[in-house]
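Each chain is listed here by its residues.
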Protein chains: 2
Amino acid sequence: MTPTPVLKPLLETVLGRRQQRLPIWIMRQAGRYLPEYRELRAKAGSFLDLCYNPELASEVTLQPLRRFDLDAAILFSDILVIPDALGQDVRFEVGEGPQLEPVTADSIGRLDPKGALEKLSPIIETVQRVRAGLAPEKTLIGFCGSPWTVATYMINGRGSADQAAARLFALTQPAAFAQLIDILVEASIGYLAAQLQAGADVVQLFESWALNLDEIAFSDWVIEPNRRIVEGLRKLVPGAPVIGFPRGAAGNLPAYAETTGVNLLGLDYATPLEFARELPSGLGVQGNLDPLRLLAGGEQMDVRVRQIVTGFRDRPHIFNLGHGILPETPIAHVERLIAVARGT
Amino acid sequence: MTPTPVLKPLLETVLGRRQQRLPIWIMRQAGRYLPEYRELRAKAGSFLDLCYNPELASEVTLQPLRRFDLDAAILFSDILVIPDALGQDVRFEVGEGPQLEPVTADSIGRLDPKGALEKLSPIIETVQRVRAGLAPEKTLIGFCGSPWTVATYMINGRGSADQAAARLFALTQPAAFAQLIDILVEASIGYLAAQLQAGADVVQLFESWALNLDEIAFSDWVIEPNRRIVEGLRKLVPGAPVIGFPRGAAGNLPAYAETTGVNLLGLDYATPLEFARELPSGLGVQGNLDPLRLLAGGEQMDVRVRQIVTGFRDRPHIFNLGHGILPETPIAHVERLIAVARGT
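J.: I'm lost on the overall build of chain A in this one. Help?
T.: Each helix and strand in chain A was counted, giving 15 helices and 9 strands. Against the compact-globule benchmark of 20 Å for 344 residues, chain A has a radius of gyration of 19 Å, which places it among compact chains. For chain A, buried positions account for 52% of its 344 residues. Contacts in chain A between residues far apart in sequence, at least 24 positions, make up 74% of those at least 6 positions apart.

Laid out in structure tokens, this is it:
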């Protein structure tokens, strides 16, 4: 007799099967709001050193599940490991955010998509370690940054409020920009396939900077590259479960949902609950509490959490924030959040 | 016999009567991309000095209409003249953006809504001067910043990418925040009424920072204050024509359009043309070319301009950008934009 396989409620929900138990995870759940993270972080070297250290990165990944009743671990890493693995100079200076040596139309050809996967192998080892340390009913989420979002950092050299450098590059040098996107699509497919083969149950595409694109640019640089990643990934890993999170997609959300092939859609906190009517029926959603409501806590948080749970009860729903948890968030608010969302 | 009144195509469009001539204006059309503006700006003192100088501000307002075939002048001013007039310390340091002495829950009561209109009287004189210098078929647009947007600067003391300081203030000190919004609603009503009485044909409410609010906050701090301004303004100026521009409202646009009572809705460039289907039928729209497409110019600009004109041809439409024109924009691109939009 083979033992009955243990179902993972969060993975089942991604696959479109709504569960009795509301699955919950929290974007950036392994992070600075946790004292145990801050303690470990102080012992590691640079932020990228930590991302490439399987022992420490797997420990950080598992920390929030020891403390909270969450349904998933998400790989501790960063969306900028792909440019780093492609050979771009990427640094994280303390208190400054990421700094990259900007790519140009001429330098894009020197990026090395073939060698990237080898450089990312410590992160794949982290995935294996996390899976080994995770209870069988918990889902392990892998991820990468989507090409447009990663490209905005690669071109501008750092984060920016309006992504103007990348947007202008795409308008004025479309062939070079398409070449960059192609490289990122290829690298992302290989990287996500390796994560799934190493034990990740589902992967999330973080399109964090999709908010300043008109519908032509959104279609060319968000929808199409995300669609190609989902398609390419499923050639390597048939049926690969994918969560798409195009933050700020707003009016472009329905087109993203209909075209990319993602199994489930992450919603940012600005998306009204009623807006889900515009999405394909039965499509699952993830989200979407404002992290500031969690930080502020109290009655206003409880009210909104209940609204979200009720608002999405007619479709597969993973409870989450609509953006990453803030470093100043009190632990007690997180405990309260989980209890209210589960109705206990 | 009284002479036939001269129709203003842009004003008629705001009032819901689609015109043979496609009306056009450009957000920030009086600004740094114009050499004649830069020349005059160098002669003025501080930026606020220029806003409060009727002779120079009226000249700046009229500059773009001497150069381009536009249908409207928009008052040259700034959304932060209201906090300045309320008694908050507001400075514009060159190259630094606005800097305000942040208000606190305790200092809000010291703002002076009664005295604000007197302090704004030079701007009302500017409106009179512009009207006197403007051809009768041209529309004069007055404006103010909407309360939420102005409050984000008043609380944070400067612009910010995520408006977190104001959002947290509103969550944790809702009574004080409501008091601040009340003051801004009152000051805005008096200020806009004075602009209309001095010769403005229509006013625009600039809600520039509406993008990071969930639907509860959007309803409380965007929709409701804008609705109160429209209602209060029409008590003082019956039938006052109002354009609402809630940039980044995204999924909250339909609720804004249905509730505030604005005559016509400004759309940011991220709003897909098809999204207008979600709006009340017959409601006019304004927009929505990405200013970077105008900066980059060429075929991609022409294509998108034609798409926008075609996409909105079944409702009243004012052609505009979806955000302010950028200082580096070539004059020739603006000339081309107007020609393509008018189909000549």
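J.: Teacher, can you tell me more about the pairing of strand β4 (residues 139-145) of chain B here?
T.: Successive residues of a regular strand alternate their side chains across the two faces of the sheet. All names here are of chain B. With 7 of 7 residues buried, β4 is to be regarded as a mostly interior element. Going residue by residue along β4, you find Thr139, Ile141, Phe143 and Gly145 tucked away on one face and Leu140, Gly142 and Cys144 tucked away on the opposite face as well. Both strand β1 (residues 72-74) and β4 contribute to a ladder of 3 bridges, which runs parallel. Within β4, the position partnered with alanine 72 by the bridge is threonine 139. Bridge count for β4 against strand β5 (residues 202-207) is 5 bridges, and the pairing is parallel. Looking across to β5, one finds that phenylalanine 143 is bridged to glutamine 204.

J.: Whenever I open this one, the relation of the copies chain B and chain A confuses me. Can you help?
T.: Both copies of the chain are related through a single rotation about an axis accompanied by a shift along the same axis. Superposing chain B onto chain A takes a rotation of 180° combined with a translation of 0.0 Å along the rotation axis, leaving an RMSD of 0.0 Å. The superposition of one copy onto the other is thereby described by a two-fold rotation axis. For chain B, the residue whose C-alpha comes nearest the rotation axis is alanine 250 of chain B, separated from it by 2.6 Å. Here 100% of the contact residues of chain B are again contact residues in chain A; the copies associate through an equivalent surface.

J.: What exactly am I supposed to notice about the environment of lysine 114 of chain A here?
T.: Structurally, the position occupied by lysine 114 of chain A is in helix α6 (residues 113-119). Between the C-alpha atoms of lysine 114 of chain A and proline 280 of chain A, which are 166 residues apart in sequence, the distance is 37 Å.

J.: Help me out: how do you make sense of the sheet that holds strand β1 (residues 72-74) of chain A in this one?
T.: The strands that make up a sheet pair up through hydrogen bonds in the backbone, lying either parallel or antiparallel. All names here are of chain A. In space, the 7 strands of this open sheet follow the order β1-β4-β5-β6-β7-β8-β9, with parallel pairing throughout. A strand with exactly one partner marks an edge of an open sheet, and here the two such strands are β1 and β9 (317-321). Sheet twist, expressed as the mean angle between neighbouring strand axes with direction ignored, is 25°.

J.: Would you take a moment to explain the environment of glycine 311 of chain A for this structure?
T.: Relative to the helices and strands, glycine 311 of chain A is located in helix α14 (residues 299-311). C-beta crowding within 10 Å serves as the criterion here: with 17 such atoms nearby, glycine 311 of chain A is assigned to the partly exposed category.

J.: Mind showing me how you'd approach the interface of chain B and chain A here?
T.: For interface size, the figure often reported is the accessible area lost on association. Across the boundary between the two partners, chain B contributes 27 residues, which contact 27 residues of chain A. Among the elements of the structure, α9 (164-172), α11 (215-236), α13 (291-296) and α14 (299-311) of chain B are those that each provide at least two residues to the side of chain B that touches chain A. By residue number, the principal contributor to the side of chain B that touches chain A is α9 of chain B, which donates 5 residues. Taken together, the residues that form the side of chain B that touches chain A break down as 15 nonpolar, 6 polar and 6 charged.

J.: Got a minute to help me understand unusual backbone geometry in this structure?
T.: Across the chain, the bulk of peptide bonds are trans and the bulk of non-glycine residues have phi less than zero. Each neighbour pair has its own omega, and for glycine 287 of chain A with asparagine 288 of chain A the value is -5°, a cis peptide bond. With respect to the helices and strands, asparagine 288 of chain A occurs in strand β8 (residues 284-289). You will see that arginine 28 of chain B, though not glycine, has its phi angle at about 60°, which is positive. As for its placement among the helices and strands, arginine 28 of chain B is situated in the loop between α1 (9-14) and α2 (35-43). The class for arginine 28 of chain B is partly exposed, based on 18 C-beta atoms found within 10 Å.

Calculation rules
Per chain, residues are indexed from 1 in the order of the written sequence. To label them, take the chains in the order written and letter them from A, then take the ligands in the order written and number them from 1. Owing to the predicted nature of the model, reporting of local features is limited to residues with pLDDT of at least 70; listing and counting of side-chain atom pairs is limited to 80 or more, with chain, interface and lining totals taken over all residues. What counts as a helix is a DSSP run of H or I of at least four residues, what counts as a strand is a run of E of at least two, and both are numbered from the N terminus. The quantity called the radius of gyration is restricted to C-alpha atoms. Its globule counterpart is 2.2 Å times the number of residues to the power 0.38. Three classes are used. A residue is buried when 20 or more other C-beta atoms lie within 10 Å of its own, exposed when 12 or fewer do, and partly exposed in between, with C-beta atoms placed from the backbone. Note on contacts: residues are paired as contacts if their backbone-placed C-beta atoms lie within 7 Å. Only strands that DSSP links by at least two bridges are regarded as paired with each other. Only residues with pLDDT of at least 70 in both copies contribute their C-alpha atoms to the least-squares superposition of the copies. Comment: axis = line fitted to C-alpha atoms, over the contacting stretch for helices; angle = value between 0 and 180 degrees taken between N-to-C directions. Note on residue categories: nonpolar means Ala, Val, Leu, Ile, Met, Phe, Trp, Tyr, Cys or Pro, charged means Asp, Glu, Lys or Arg, and polar means any other residue, Gly included.

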